[in-house]
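# An overview of the molecular structure
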Amino acid sequence: MESSTAALDAQATPETLDPAAALPAGTRNPAENKRAGTRTETQAKNPTETLVELDRRSGARPFVTPQTMHFAEPLALQNGSQLAAYDLMVETYGELNAARTNAVLVCHALNASHHVAGAYENDPSNVGWWDNMVGPGKPLDTDRFFVIGVNNLGSCFGSTGPMSIDPATGAPYGASFPVITVEDWVNAQARVADAFGIERFAAVMGGSLGGMQALAWSLMYPERLGHCVVVASTPKLSAQNIAFNEVARSAILSDPDFHGGDYYAYNVKPRRGLRVARMIGHITYLSDDDMATKFGRALQRDALAAGGDDYQFSFDVEFEVESYLRYQGDKFANYFDANTYLLITRALDYFDPAKAYGGDLTAALAHTRAQYLVVSFSTDWRFAPARSRELVKALLDHKRTVTYAEIDAPHGHDAFLLDDARYHDLVRAYYERIAKEIGA
């Protein structure tokens, strides 16, 4: 679903790129430009030394610069409407090789963005949400692969979404922004690939909602990816998952400051609803064991200071788990947009490739061509391992090449974002195999 560990409180000032006019430096001819994707160069003793090499020498993270890609051609949407000219925020890492065969698309989850890895020079504390996975020498090694992160349509981190100005009205889209699906995101991402001149990705990868996008890529563009990496994900939401999303949306919709989705005009934000929505979601990202280990029934420090180890007999925060959820809710309400939350959770609900095949997932996967890595985590009850096994079985019914791992980890759904040597070693080994295939 989303990252409960990566805060995206600030975004760097982007560069603007019209894909019809030019490609980012480092994508035309790597021999002519040693800049690593959109990585910012710094002073080096050797003028040919890239920031990646500086990074290794200094131990610091590479600095990255996001950029805006503008698309003038309307995008047809699954709901029958279309989105006129739109922008997508993009970050890249590593160098695209001359044959353009080493590109990997990383798709983000609910509250993440294009900022997959690295840090911003003007905000070094703003580290990418999957920085432990993507970078020089990391499991997805940007010394060998050219990695692209795209902020999806409808998001609130720079791509066209409800907060953007509708050129037809001169006001924010607000509630009029069209309902978006996973398939719409994939079609938009395909245009990004076209702009970079990438005919085929070495891999498309994502965790949670990002894994749904990776799976959709293998269904919608089977000839345009070699490998599909699906982590902590599912081929469709269960009724329970849809129910959690509905409760979260109801919290937002019932906030008096929501104003039917047009709260921007009132200079307010439905913070109370967002706060509760985040708290609900956050509970589902952690396992019962993890919560017990982190919090148990421990009382919050302020409550202890006020009255020893006894209860206060009030409805204020008393337990540490309450304090934690309120903190996460407050933080989320400060940086995320309510309309975006509604759109993305509905996109989650709608994703169901088997629907067009009478619920038969095996039939839905008949035209896939990619090889697959599918990873699940034993304590992930939001997207349980059974859902990954369902996907694996359907793929094996077509004799697809599938690597599947169910990792015994205590952290619940959020395990896909955390450091686990077995998990990272598995992903590293899989990308080593891809690198050999493409000669990277």
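Everything here concerns the structure above.
Residues numbered from 1 in each chain as written. Predicted model: local features only at pLDDT ≥ 70, side-chain atom pairs only at ≥ 80, totals over all residues. Heavy atoms only, no water.

## Remarks on the overall build of the chain
Along its length, the chain carries 12 helices and 15 strands. The proportion of buried residues among the 440 residues of the chain is 55%. The long-range share in the chain, meaning contacts at least 24 apart out of those at least 6 apart in sequence, stands at 72%. Surface accessibility of the chain: about 17,900 Å² in total, with carbon and sulfur atoms responsible for 52%. (Helix = DSSP H or I, 4+ residues; strand = E, 2+ residues; numbered from the N terminus. Buried < 20%, exposed > 50% of the residue type's maximum accessible area, 1.4 Å probe, protein only. Contact = heavy atoms within 4.5 Å. Areas by Shrake-Rupley, 256 points an atom, 1.4 Å probe, with all protein chains shown as cover.)

## Some thoughts on helix H12 (residues 421–438)
With 18 residues, H12 extends 26 Å from end C-alpha to end C-alpha; this agrees with the ideal 26 Å at 1.5 Å per step. Looking only at H12, the buried set comprises Tyr423, His424, Val427, Tyr430, Tyr431, Ile434 and Ala435. Buried residues of H12, seen end-on, are gathered within an arc of 145° and therefore sit on one face of the element. For H12, exposure combined with an orientation more than 90 degrees from the buried face picks out Ala421 and Lys436. Looking at the buried positions of H12, the neighbouring elements they touch are strand E6 (103–107), strand E8 (140–141), strand E12 (201–207), strand E13 (225–231), strand E14 (371–377) and strand E15 (402–407). Directly beyond the C-terminal end of H12, a positive phi value near 70° is found at Gly439. (Expected span 1.5 Å × (residues − 1). Arc of directions from axis to C-beta.)

## Structural notes on the pattern of salt bridges
Applying the stated rule across the entire model yields 17 salt bridges. We note a salt bridge from Arg191 to Glu73, for which the minimum N-O separation is 3.8 Å. With Arg191 in helix H2 (residues 182–195) and Glu73 in the loop between strand E2 (67–71) and strand E3 (75–76), this residue pair connects regions lying 118 residues apart in the sequence. Assessed through its relative accessible area of 18%, Arg191 is described here as buried. For Glu73, a relative accessible area of 55% translates into the label exposed. Residues Arg389 and Glu406 are paired through a salt bridge, measuring 2.5 Å at the closest nitrogen-oxygen approach. Taken together, the residues Arg389 in helix H11 (residues 385–397) and Glu406 in strand E15 connect sequence positions 17 residues apart. (Salt bridge = Lys/Arg side-chain N within 4 Å of Asp/Glu carboxyl O.)

## Observations concerning the packing of helix H4 (residues 239–253) against helix H5 (residues 271–285)
Interhelical geometry of H4 versus H5 gives an angle of 160° and a closest axis separation of 7 Å. One element, H4, and the other, H5, form an angle in the roughly antiparallel class. With respect to the hand of their crossing, H4 and H5 are arranged in right-handed fashion. Of the residues in H5, those touching H4 at Phe244, Val247, Ala248, Ala251 and Ile252 are Gly273, Leu274, Val276, Ala277, Ile280 and Thr284. (Axes fitted to C-alpha atoms, helices over the stretch in contact; angles between N-to-C directions. Parallel < 35°, antiparallel > 145°, perpendicular 65-115°, else oblique. Left-handed = near helix turned anticlockwise from the far one by under 90°.)

## Section: the state of the cysteines
In protein chemistry, a disulfide is the covalent bond that joins the sulfur atoms of two cysteines. With the rule as written, the count across this model stands at 0 disulfides. Cys107 carries a free sulfur, and the closest cysteine sulfur to it, the one in Cys228, is 8.8 Å from it. (Disulfide = S-S within 2.5 Å.)

## So, the nonpolar core
Judged by nonpolar contacts, the single largest core of 75 residues is most densely connected at Ile148, Val192, Ile198, Phe201, Phe336 and Tyr341. Sort the elements by how many residues they give to this core and H2 lands first, with 8 residues. The contact partners of Ile148, leaving out residues within four places of it in the chain, are Val90, Glu91, Thr92, Val104, Leu105, Val106, Val192, Phe196, Ile198 and Phe201. (Core = buried A, V, L, I, M, F, W, Y, C linked by side-chain atoms within 4.5 Å.)

## Regarding unusual backbone geometry
In this structure, His259 takes a positive phi of about 50° despite not being glycine. If you trace the backbone, His259 turns up in the loop between H4 and H5. On the basis of relative accessible area, His259 is assigned to the partly exposed category, the value being 32%. Backbone geometry at Asn267 places phi at a positive 55°, although glycine is not the residue there. By the secondary structure assignment, Asn267 is in the loop between H4 and H5. We classify Asn267 as exposed; its relative accessible area is 73%.

## Brief notes about the packing of aromatic side chains
Scanning the model with the defined rule gives 22 aromatic pairs in all. For the pair Trp129 and Trp130, a centre-to-centre distance of 5.1 Å together with 15° between the ring planes defines the contact as stacked. On the accessibility criterion, Trp129 (5% relative accessible area) is buried. Given a relative accessible area of 0%, Trp130 falls into the buried group. (Phe/Tyr/Trp six-rings, centres within 6.5 Å; stacked < 30°, edge-to-face > 60°.)

## Structural notes on the packing of H2 against helix H3 (residues 209–220)
Packing of H2 against H3 leaves a shortest axis separation of 9 Å and a crossing angle of 70°. Considering their axes alone, H2 and H3 lie roughly perpendicular with respect to each other. Handedness of the crossing formed by H2 with H3: right-handed. In this structure, H2 contributes Val182, Glu183, Trp185, Val186, Asn187, Gln189 and Ala190 to the contact, and H3 contributes Leu209, Met212, Gln213, Ala216, Trp217 and Met220. A breakdown of the residues in the contact of H2 with H3 according to their chemical character gives 9 nonpolar, 3 polar and 1 charged. (Nonpolar A, V, L, I, M, F, W, Y, C, P; charged D, E, K, R; others polar.)

## Topic: the pairing of E2
Counting buried positions along E2 yields 4 of 5 residues, so the element is predominantly enclosed. Relative to strand E5 (residues 86–93), E2 is paired through 5 bridges, and the arrangement is antiparallel. Opposite Gln67, over in E5, you have Val90 as the bridge partner. (Pairing = 2+ DSSP bridges.)

## Topic: H11
For H11, built from 13 residues, the straight-helix expectation of 18 Å at 1.5 Å per residue is met to within 8% by its first-to-last C-alpha distance of 18 Å. Residues of H11 that are buried in the fold lie against H3, E13, helix H10 (361–364), E14 and E15. Backbone geometry just after H11 places Lys399 at a positive phi near 60°.

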